[in-house]
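What the coordinates show
Spelled out, the chains give:
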There are 2 protein chains.
Amino acid sequence: MNYAEMKPSEVRGLIRRGEITSPTSGMCAGYAQANLVILPKELAYDFLLFSQRNPRPCPILEVSDVGSRELSIMAKNADIAKDFPKYRIYEKGVLTGEYTDVEKFWRDDLVSFLIGCSFSFESELLETGVPVRHIEEGCNVPMYNTNIECAPAGVFSGNMVVSMRPIPYDQVIKAVNVTAAMPRVHGAPIHIGNPEQIGIKDIHHPDYGDSVTIRPGEVPVFWPCGVTPQNVIMNTKPDFVITHAPGHMFITDVKNIDLKY
Amino acid sequence: MNYAEMKPSEVRGLIRRGEITSPTSGMCAGYAQANLVILPKELAYDFLLFSQRNPRPCPILEVSDVGSRELSIMAKNADIAKDFPKYRIYEKGVLTGEYTDVEKFWRDDLVSFLIGCSFSFESELLETGVPVRHIEEGCNVPMYNTNIECAPAGVFSGNMVVSMRPIPYDQVIKAVNVTAAMPRVHGAPIHIGNPEQIGIKDIHHPDYGDSVTIRPGEVPVFWPCGVTPQNVIMNTKPDFVITHAPGHMFITDVKNIDLKY
């Protein structure tokens, strides 16, 4: 199946029926993808404020109404509890399970946050000739914890998570410009070149996702990542949180180009 | 006094001492100005969500911590209760008073929202040769209620308020481009040309601010306005709200150009 060329509603249908449970990088080229955080209402204000104060790692695309599994902006006929290929449930900060469907865990006090994902801009990078290594190598994007502090908000504080793509030196400026024009899916890089500068000890051992090859003449370029809120939420060890599994995104009906306006 | 050339901290000092109580349009050229909404914490989530869903009229620049009168991003040594030239207090949706200082009304459960203001981009318009009529005529910008529905959030719903500047036909495209580059202070216009299209009956009788001259060869151009949240909040008739008086803004320490990154 050529998932890159399929419509979002088609791929979401495959995901809902459990026929896709893999990372979504490269699927539905040109359409925005989204990270997920689902929290009880009592934590929703602090989290919304955290995202307002940290728009680079947490660009909010849509917030559901309390208890609702529907979306009104980013997709039609979507089911938040079924349309991600893989979910994680955390209880008191501990990962207690991965699921391809979280319907049975749903509660009336849950609020869902869809957060922009850098997978969205990868088709734009490819179109302009910038390589995307984890798509070439058929694996998940490498993601790392960093020493970059987020602005705290209420109970939430912690450091930024970043995604990394190796870029040829002569394409770095283009990669910056292409992604800077897409702030709702993380926008420009947060760092170029020196992993240690942002607290990454070993570029070959990412904290999430898979390691990718960095070829001679390429530089690691780091973008703010939508796994950041998961990292920050886990610091507070809340009783109950649902997130997507890193790399396993929601594919929206909204084209990247339409996020600009 | 040439307020356009003064530093924000200097003008805020004059405002805090009650020496400026007028609209702030044209003051501290190049620095972002901000609208104000102060709500009890129990309404803060719905309002933050409203602003997330309506970023054109409600671009949030900073949200205070609960009960705090300080800011951490947009200004140093500011006092939210004193540094706007004029405030309004609404009780159960009724305007009960205008004040140049609201310290005596302060409560520990109040949350302050600073919202981007289109006064911020007027110096950029002037620099590129686009006229700003209300500055020329020394009055407040004209603002209008419209028929443009905002996306509802929790208890909040209502229509957009817009500000209007008459622009010569041959400068309209430039005005669109200059302001589109500044989304955190309302960005591009929401309508060009026909007031009736957006529900404005009489362009010469604004709902807020002052009427300005529209000369032959000029077209009225409308931008989303930070008075929108006041309008929306009043619809719900909350027990207690503090806002700025329309046109009487907070002058931040942050340059417009720095809001872009």
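Residues numbered from 1 in each chain as written. Chains lettered and ligands numbered in written order. Predicted model: local features only at pLDDT ≥ 70, side-chain atom pairs only at ≥ 80, totals over all residues. Heavy atoms only, no water.

A separate point is unusual backbone geometry. You will see that Lys237 of chain A, though not glycine, has its phi angle at about 50°, which is positive. Mapped onto the fold, Lys237 of chain A is located in the loop between helix 6 (228-235) and strand 10 (241-244). (Helix = DSSP H or I, 4+ residues; strand = E, 2+ residues; numbered from the N terminus.)

Across the boundary between the two partners, chain A contributes 15 residues, which contact 15 residues of chain B. Buried surface at the junction of chain A and chain B, both sides included, amounts to about 1,200 Å², of which 58% is carbon and sulfur. For the interface between chain A and chain B, the tally reads 2 salt bridges. Note that Arg53 of chain B is salt-bridged to Asp65 of chain A, the shortest N-O span being 3.1 Å. Viewed at the interface, chain B and chain A are joined by 6 residue pairs in polar contact (both at pLDDT 80 or more). Elements represented by at least two residues in the side of chain A that touches chain B include exactly helix 2 (41-53), strand 2 (60-63) and strand 5 (110-116) of chain A. Among the elements that line the side of chain A that touches chain B, the one with the most residues is helix 2 of chain A, at 7 residues. (Contact = heavy atoms within 4.5 Å. Buried area = accessible area lost by both parts, 1.4 Å probe. Salt bridge = Lys/Arg side-chain N within 4 Å of Asp/Glu carboxyl O. Polar contact = N/O pair within 3.5 Å; in protein donor to acceptor, adjacent residues only side chain to side chain.)

Moving on, we get to helix 5 (residues 172-180) of chain B. Residue and element names in this part refer to chain B. Those residues of helix 5 lying buried are Val172, Ala175, Val178 and Thr179. In an axial view of helix 5, the angular spread of the buried residues amounts to 130°, which keeps them on one side of the axis. Looking at the buried side of helix 5, the elements it contacts are helix 3 (122-127), strand 7 (159-168), strand 8 (191-192) and strand 9 (218-224). (Buried < 20%, exposed > 50% of the residue type's maximum accessible area, 1.4 Å probe, protein only. Arc of directions from axis to C-beta.)

With that out of the way, let us pick up the nonpolar core. Within the largest apolar cluster, 67 residues are counted, with the highest numbers of intra-cluster contacts made by Leu39, Tyr45 and Phe113 of chain A together with Leu39, Tyr45 and Phe113 of chain B. Among all residues touching Tyr45 of chain A, those that are not within four sequence positions of it are Lys41, Ala44, Tyr45, Leu48, Val63, Val111 and Phe113 of chain B. (Core = buried A, V, L, I, M, F, W, Y, C linked by side-chain atoms within 4.5 Å.)

Another aspect to go through is the pattern of salt bridges. Scanning the model with the defined rule gives 30 salt bridges over all chains in all. A salt bridge links Arg17 of chain A to Glu19 of chain A; the nearest nitrogen and oxygen atoms lie 3.1 Å apart. One salt bridge in this structure joins Asp253 of chain B and Arg12 of chain B, with 2.9 Å as the shortest N-O distance. Here Asp253 of chain B is found in strand 11 (residues 250-255), whereas its partner Arg12 of chain B is found in helix 1 (residues 8-16), with 241 residues between them in sequence. Via salt bridges that share partners, Arg69, Asp79, Lys82, Asp101 and Glu103 of chain A belong to a single interconnected network.

Residues and elements named next belong to chain B. Within the secondary structure layout, Trp106 lies in the loop between strand 4 (94-99) and strand 5 (110-116). Linking Trp106 and Gln171, residues 65 residues apart in sequence, is a C-alpha distance of 45 Å. With residues near it in sequence (within four places) discarded, Trp106 still touches Ile38, Gly67, Ser68, Arg69, Ile80, Ala81 and Ser112.

Helix-helix packing is described using two parameters, namely the angle between the two axes and the distance between the axes. Residues and elements named next belong to chain A. Close contact between helix 3 (residues 119-127) and helix 5 (residues 172-180) brings their axes to 10 Å; oriented N to C, the two are set at 130°. With respect to helix 5, the axis of helix 3 lies oblique. The crossing of helix 3 and helix 5 is right-handed. Of the residues in helix 5, those in contact with Phe121, Glu124 and Leu125 of helix 3 are Ala175, Val178 and Thr179. Considering only residue class, the contact of helix 3 with helix 5 consists of 4 nonpolar, 1 polar and 1 charged. (Axes fitted to C-alpha atoms, helices over the stretch in contact; angles between N-to-C directions. Parallel < 35°, antiparallel > 145°, perpendicular 65-115°, else oblique. Left-handed = near helix turned anticlockwise from the far one by under 90°. Nonpolar A, V, L, I, M, F, W, Y, C, P; charged D, E, K, R; others polar.)

Everything listed is a geometric property; what it means functionally is a separate question.
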